[in-house]
Number of protein chains: 2
Amino acid sequence: MPKINITDVILRDAHQSLIATRMRTEDMLPICPKLDAIGFWSLECWGGATFDACVRFLKEDPWERLSRLREALPNTRLQMLLRGQNLLGYRHYSDDVVRAFVTRAAANGMDVFRIFDALNDLRNLKTAIEATKAAGKHAQGTICYTVSPAHDTAGFVRMGRELAEMGCDSIAIKDMAGLLTPFATAELVKALKDSVELPLHLHSHATSGLADMCHLKAIENGCDTIDTAISAFAGGTSHPPTESLVAALRGTEYDTGLDLEAIQEVGIYFHQVRKKYHQFESDFTGVDTRVQVNQVPGGMISNLANQLREQNALDRMEAVLAEIPKVRKDLGYPPLVTPTSQIVGTQAVLNVLTEKRYESITNEVKGYLQGRYGQAPAPVDAALQRQAIGNAEAIDCRPADLLEPELARLQGEIGALAEGDEDVLTYAMFPEIGRAFLEQRAAGTLQPEPLEPPPSETAANAPTEFNVAVH
Amino acid sequence: MPKINITDVILRDAHQSLIATRMRTEDMLPICPKLDAIGFWSLECWGGATFDACVRFLKEDPWERLSRLREALPNTRLQMLLRGQNLLGYRHYSDDVVRAFVTRAAANGMDVFRIFDALNDLRNLKTAIEATKAAGKHAQGTICYTVSPAHDTAGFVRMGRELAEMGCDSIAIKDMAGLLTPFATAELVKALKDSVELPLHLHSHATSGLADMCHLKAIENGCDTIDTAISAFAGGTSHPPTESLVAALRGTEYDTGLDLEAIQEVGIYFHQVRKKYHQFESDFTGVDTRVQVNQVPGGMISNLANQLREQNALDRMEAVLAEIPKVRKDLGYPPLVTPTSQIVGTQAVLNVLTEKRYESITNEVKGYLQGRYGQAPAPVDAALQRQAIGNAEAIDCRPADLLEPELARLQGEIGALAEGDEDVLTYAMFPEIGRAFLEQRAAGTLQPEPLEPPPSETAANAPTEFNVAVH
Ligand SMILES: [Co+2]
Ligand SMILES: [Co+2]
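Reading the values: rules and limits
Residues numbered from 1 in each chain as written. Chains lettered and ligands numbered in written order. Predicted model: local features only at pLDDT ≥ 70, side-chain atom pairs only at ≥ 80, totals over all residues. Heavy atoms only, no water. Helix = DSSP H or I, 4+ residues; strand = E, 2+ residues; numbered from the N terminus. Rg over C-alpha atoms; globule rule 2.2 N^0.38 Å. Buried < 20%, exposed > 50% of the residue type's maximum accessible area, 1.4 Å probe, protein only. Contact = heavy atoms within 4.5 Å. Areas by Shrake-Rupley, 256 points an atom, 1.4 Å probe, with all protein chains shown as cover. Lys, Arg positive; Asp, Glu negative; His and termini not counted. Charge placed at Lys NZ, Arg CZ, Asp CG, Glu CD. Least-squares fit on C-alpha atoms with pLDDT ≥ 70 in both. Axes fitted to C-alpha atoms, helices over the stretch in contact; angles between N-to-C directions. Left-handed = near helix turned anticlockwise from the far one by under 90°. Nonpolar A, V, L, I, M, F, W, Y, C, P; charged D, E, K, R; others polar. 1 Å grid on protein atoms, 1.4 Å probe; cavity = no way out; pocket = protein on both sides within 12 Å on 5 of 7 lines; lining within 4 Å. Points joined across faces, edges and corners; volume = space filled by probe spheres on them. Domains from an automatic or database assignment. Buried area = accessible area lost by both parts, 1.4 Å probe. Salt bridge = Lys/Arg side-chain N within 4 Å of Asp/Glu carboxyl O. Polar contact = N/O pair within 3.5 Å; in protein donor to acceptor, adjacent residues only side chain to side chain. Pairing = 2+ DSSP bridges. Right-handed = clockwise from strand over helix to strand, strands pointing away. pLDDT = per-residue confidence, 0-100.

On a plain count of helices and strands, chain A comes out with 21 helices and eight strands. Rg of the C-alpha trace for chain A: 22 Å, near the compact-globule value of 23 Å for 471 residues, within the 12% margin. With respect to the three principal axes, the spread of C-alpha positions in chain A is 75 × 50 × 50 Å. The proportion of buried residues among the 471 residues of chain A is 61%. Relative to all contacts within chain A whose residues are 6 or more apart in sequence, the contacts with residues 24 or more apart total 75%. With the model as given, the accessible surface of chain A reaches about 17,300 Å², and the carbon-plus-sulfur share is 49%. Each charge class in chain A can be summarised by its mean position, and for the 45 positive and 63 negative side chains these summaries are 3 Å apart.

Laid out in C-alpha cells, this is it:
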C-alpha cells in the first residue's frame, strides 16, 4: 500500500513565497517540538533566499539557524535547496568551494540536498551530488519543469535516468512557476516512475491554483512524496496546504498517516506568527493563472514591475511580457528560475526600453552566450551569439572546469573575520553583505531590520449583524 | 468527448461566502457584457441570503436586481438556490406561495432553480419542482451532502433516482460544508452517474482546501458541470477559482472550451470591486480543515462564536463543538445547512450554557421533533421527542400539507405597499424587514448601509528591496 510522504516547506519556501523570506529563527523554534512529532518525511528549511535574508535583513547567522533547527528537530530530516554549482549564490563556484559547502552543511545537520541547475545542465549538479554522497547524505536530483519547444516528457525522463546514474537517492520535479497542470503531471510522473527506479518528489507552486490537483494526479501515478506548506503560509505563490492534502488522502490507499489535528495546531501557531510580518505581505496573494497563458512566472512579473517602476516605464509592461518569450527563444529556452529568470527578464526590459532589441546586452547574457552557465536546452540564436561575444569562442565544457580552486583565496580575503569554515562560505556566497555581516558581528553591532507593529486587532472585524447561513 | 460545463457563482455564493453577501448590483452590471460572453453554463445570482441582504442592508429591490441581470446577461442561464418549501425564508410556505414565487422568479428571468431541503426530505421539493416545470424552466434536484451513520452512497443514489422520477432536469450535489474528499467524490459521482440518467452538477465549498481536487475527481467520474467562482472571490469558504479549473482542464478531453484570458480580465475587475467591501472581510480567509475532523461547518462556528461572545461565554466553544454531534444524533442526523445548522447550533449552545442538556428546548427543536420540517434522515431520540412535544402527536405527512393557502392573506396584510406580486412575495419571505423596505420605498427614504472608505493604497506594499527569486 503506497503511503504518501510529505515534505513541509513552512520553514523555507512558504515564507520565502509569501513574506519575502523574513521568518526569524525565534518564530520557528517554539513550534519545533510539535513539528518534529508530526512525522514529515522532511522539513525544508534552508536555501539561497533564506541564507540571503538571514545575513542581509535579519542579521542572523544562517549556519547557527541550521544548527539550532537540527537540535530542535531531532527526528525529522532537514532539507535544503541548492543551486548546483551556484550553491546559494549567483555565480559558478569552484569545486573545492562546492565540496566545502556541502560538507559543512551536512556537518551542521542537513540531511537532504535538493540540487538543481537553472539550465537542467546535469554537469552543474555533478560535484554537489558527489559531495552529498561523500558526506553520507541524501542527494535529490532535480528536474526544473518548464514548457517550451525544447522540453518534453521524453527529455525529462532522460534527465531522470541520468540523475539516477549519477547516484541520486531520489528525483524531484520542481515546478517553480506553477506551470504544471494535473494531466501534464500525471503523464510526466507516470513516465518517470516507469523509467526511473527512484523515489519521486513533487514541488509545485500554487500560483495558478493547480498545485493540489497536480499533487493528487502525481500521487495516483506513483509519486512518493509531495511538498506542501502548513496552511497559514499556503496558497498563492506558496504551496498547497498540508492539512488539505492530508485530509484529502486520509482513509485511502494513499493515506499519509499524519495526525490532522496535530497539524491544525501547528497551523494555528503559524497563523499568529504571520501577523508579525504583515509589512512583507504583498497586495495580491490570490490565485493568478496568467503564467498558464504567457509562461512568465509570477515572481518575475513582480521583479519586472519594480524595474519598470524605477524607470518610470510601468506602461511598457505589456511589451516586456511579449518580449520575454522572444528573448527566451533566442537563449535556447532556458527554464525560468534563479538566475535565468533574472537574466531573461532584465534583457527583455532593456530590449523594450532601448527600443532596439539587443542594442545593449547585459554582461549576464554575454556570459550565458559564452556558455558560462552551462548548456542551453536548445541552440542559442547564432547571430545574437556572434553579436554578443564577437570572436571569442563559446565554451562547451562544464563551466566549473575552467575555475581554479578558490577556497584558500576566499579564506585569505576574509581573514580573521571568519571564525570557521562556515564564515568563509558565508563570505563566499555573498561577498559584500557577507563581509558586512561578519564585520558587524565582530563589532557587536548586528541589528535586525525593524518590524512594524502589528495592525490593531479588529476583534469585531467579521460581520456579526446577522446569522451566517450555511449555503 | 465530454465537455465540462461551468456554473460561476460570483454573483451569489462567492460574495455571500466572503463579504457577507454585500455585493451591490451596481458592481455587477458593468462587467455583465464580459461575463455574458464567456459561455458559462449558468451564472448563479440569487438565493436566500442575497435576497435578504438586498432588502436588509443594500435597500435594493431583489426583484429589480434579477430583472436588470436578466437584461444584462441575455446569453447566459441565470440560476438561483431555492430552499424547497422554505423558498428563501426560514419557514414552510403554503403551496400557493411556492407556486407564486417560482412563477414570478421565472417571469423575471430565472432559468435554473436549484432546489434543496435541509433534511433531504424530497416531499419538501415537490411543489417547487412542479412549479419550475410548469413555468418551463430547469429544475435541478439537490442532494445535500453530509457524513453520518444515516448517510451513505446508496442512500444518495436512491435520492438521485427519486429526483429523476420527480421530473428534475439535472441533479446537484451540494457540499455546503466542504466535507467531500476527492475519493469520496469519485465514488459518489460514479455511483450517481451509473444509476441516474441526468446531468450531474457539483457544488463544493473550498473551506477545507479540497474542493478543486473534488471537482477534478468528479469530472473524471462523469460529472457534467462544476460550480466555481472567479478567482477574486474564490478560495476559503467560497469555491475553487474558475480560472484554475479552466486552466486545469485546457487541452484535455474535459476542456471547458472557455477563454482563460477573457476570464482573467473579469477577475481583475472583481479584484478591484472586492476592495470596496473590505469592511466585510473576515479576519480569516484561509483554508480550515477542522470540518474534516469535527464535521461542524465553518459558517456554523462563526455563528456560534458570535452567540457565545454575546453571552460572555466564548470559553465554552470547545464544549459546544463537542455537543453539536450529540444534538445532531438526537435529531436523527440532519445535514447541517440553513436552517438545520442554526437549529442544531442554538440547541447545542443552550445545552452547554444551561449545564443541563435539554433543560431548555428551543421552539425550533420542538417544531423539528414534531415533524414540522419534514422527516429526519434517521429516527430522532424518542425520549427527547416525548420530553419536547409531550402528548402532542408528531406529524408524518409533508409539512406543507397542513398549511392553508396564504397568498391572499399576505396580499391583504401588505396591502397597497405592494405594487405587484413580487412585493407580496418579498413581504412573505421577510415579514418585518420586507415590510420596512416597502414602507421606506413608498416614503422615498431607502438608504443603503454606508461603506467605509477604502484603506489607503499602499503602492509600495510589496517588498521591493531585493530581487524576488523564482524558486
Ligand atoms: Co454554497
Ligand atoms: Co519553490
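Here the second copy of the chain follows from the first by a rotation about an axis and a shift along it. Overlay of chain B on chain A (RMSD 0.0 Å): rotation 180 degrees, translation along the axis 0.0 Å. Such values leave the two copies arranged in the relation of a two-fold axis. By C-alpha distance to the rotation axis, the residue of chain B lying nearest is Met213 of chain B, at 2.7 Å. Interface residue correspondence from chain B to chain A reaches 100%, placing this contact among same-surface, isologous pairings.

Residue and element names in this part refer to chain B. One way to put it is that helix α8 (residues 153-165) packs onto helix α9 (residues 182-195) with a least axis distance of 9 Å and a crossing angle of 40 degrees. Like other packed secondary-structure pairs, α8 and α9 cross with a definite hand, here right-handed. Across from Thr153, Phe156, Val157, Gly160 and Arg161 in α8, the residues of α9 making contact are Glu187, Leu188, Ala191, Leu192 and Ser195. Split by residue class, the contact of α8 with α9 holds five nonpolar, three polar and two charged.

Residue and element names in this part refer to chain A. One can find His151 in the loop between β5 (138-144) and α8 (153-165). The buried category is assigned to His151, whose relative accessible area is 15%. Counting along the chain gives 226 residues from His151 to Pro377, while the straight-line C-alpha distance between them is 7.7 Å. Setting aside residues up to four positions removed in sequence, His151 forms contacts with Asn120, Thr146, Phe156, Arg328, Tyr333, Pro335 and Pro377.

Residue and element names in this part refer to chain B. When its volume is computed, the second largest pocket comes out at roughly 640 Å³. In this structure, the second largest pocket is lined by 29 residues; those nearest its centre are Leu119, Gln375, Ala376, Pro377 and Ala378. The set of elements that each furnish at least two residues to the lining of the second largest pocket consists of α8 and α17 (363-369). Among the elements that make up the lining of the second largest pocket, the one with the highest residue count is α8 (five residues). Taken together, the residues that form the lining of the second largest pocket break down as 15 nonpolar, eight polar and six charged. Residues lining the lining of the second largest pocket come from more than one domain, with at least three contributed by each of domain 1 (5-280) and domain 2 (296-401).

Another aspect to go through is the interface of chain B and chain A. Contacts between the two partners involve 74 residues from chain B, matched on the other side by 74 residues from chain A. With both sides pooled, the region where chain B packs onto chain A buries about 5,800 Å², and carbon together with sulfur makes up 60% of that total. Across the chain B-chain A interface, the total number found is two salt bridges. Across the salt bridge formed by Lys217 of chain A and Glu220 of chain B, the nearest N and O atoms sit 2.4 Å from each other. The tally of links between chain B and chain A comes to eight residue pairs in polar contact (both at pLDDT 80 or more). Ranked by the residues each element gives to the side of chain B that touches chain A, the list is headed by helix α11 (residues 242-249) of chain B, at six residues.

Next up on the list: empty space enclosed by the protein. Residue and element names in this part refer to chain B. Within this structure, the stated rule accounts for 14 cavities of 30 Å³ or more. Here the largest cavity is characterised by a volume of approximately 80 Å³. Arg83, Asn86, His92, Phe116, Asp117, Ala118, Leu119, Thr338, Pro339, Thr340 and Tyr373 are the residues that line the largest cavity. For the lining of the largest cavity, the residue count by class is five nonpolar, four polar and two charged. Shared between two domains, the lining of the largest cavity takes at least three residues from each, and those domains are domain 1 (5-280) and domain 2 (296-401).

Residue and element names in this part refer to chain A. Splitting chain A by domain gives domain 1 (5-280), domain 2 (296-401) and domain 3 (409-443). Placing the centre of domain 1 and that of domain 2 at their C-alpha centroids yields a distance of 27 Å. Contact with domain 1, which involves 26 residues of that partner, is made by 23 residues of domain 2. Taken together, the two surfaces of domain 1 and domain 2 that pack against each other cover about 1,900 Å², and 62% of this comes from carbon and sulfur. The largest share of the area that domain 1 buries against domain 2 comes from Ala118, Leu119 and Arg123, three residues that together contribute 33% of it. Where domain 1 meets domain 2, there are one salt bridge. When the shortest N-O distance is used, the salt bridge between Asp95 and Arg398 registers 2.5 Å. Of the residues belonging to the side of domain 1 that touches domain 2, the class tally is 11 nonpolar, nine polar and six charged.

Next up on the list: the sheet that holds strand β3 (residues 77-82) of chain B. Residues and elements named next belong to chain B. Spatially, eight strands are ordered β1-β2-β3-β4-β5-β6-β7-β8 in a closed barrel, and the strand pairing comes out parallel. Within the sheet, the average angular offset between the axes of one strand and its neighbour, ignoring direction, is 25 degrees. As paired strands, strand β7 (residues 200-204) and strand β8 (residues 225-228) are joined by two bridges and run parallel to one another. What sits directly across from Leu202, in β8, is Ile226.

This part takes up the pattern of salt bridges. Enumeration over the complete set of coordinates arrives at 66 salt bridges over all chains. Among the ionic pairs, Asp401 of chain B bridges to Arg398 of chain B, the shortest N-O distance being 3.0 Å. Look at the salt bridges and you will find they share partners, linking Asp61, Glu419, Asp423 and Arg441 of chain A into a network.

Moving on, we get to the pairing of strand β7 (residues 200-204) of chain A. Residue and element names in this part refer to chain A. Burial of β7 is extensive: five of the five residues sit out of reach of the surface. Here β7 shows no split at all, with Leu200, Leu202 and Ser204 on one side and His201 and His203 on the other all buried. For the handedness criterion, the β-α-β arrangement of strand β6 (residues 170-175), helix α9 (residues 182-195) and β7 is classed as right-handed. Following the backbone out of β7, through helix α10 (residues 211-220) and into the adjacent parallel strand β8 (residues 225-228), one traces a crossover that is right-handed.

Confidence in the prediction of chain A, expressed as mean pLDDT, is 94, and 96% of residues score 70 or more. Low pLDDT, under 50, characterises residues 458-467 of chain A; the predicted model gives this stretch 22 contacts beyond four residues in sequence or across chains.

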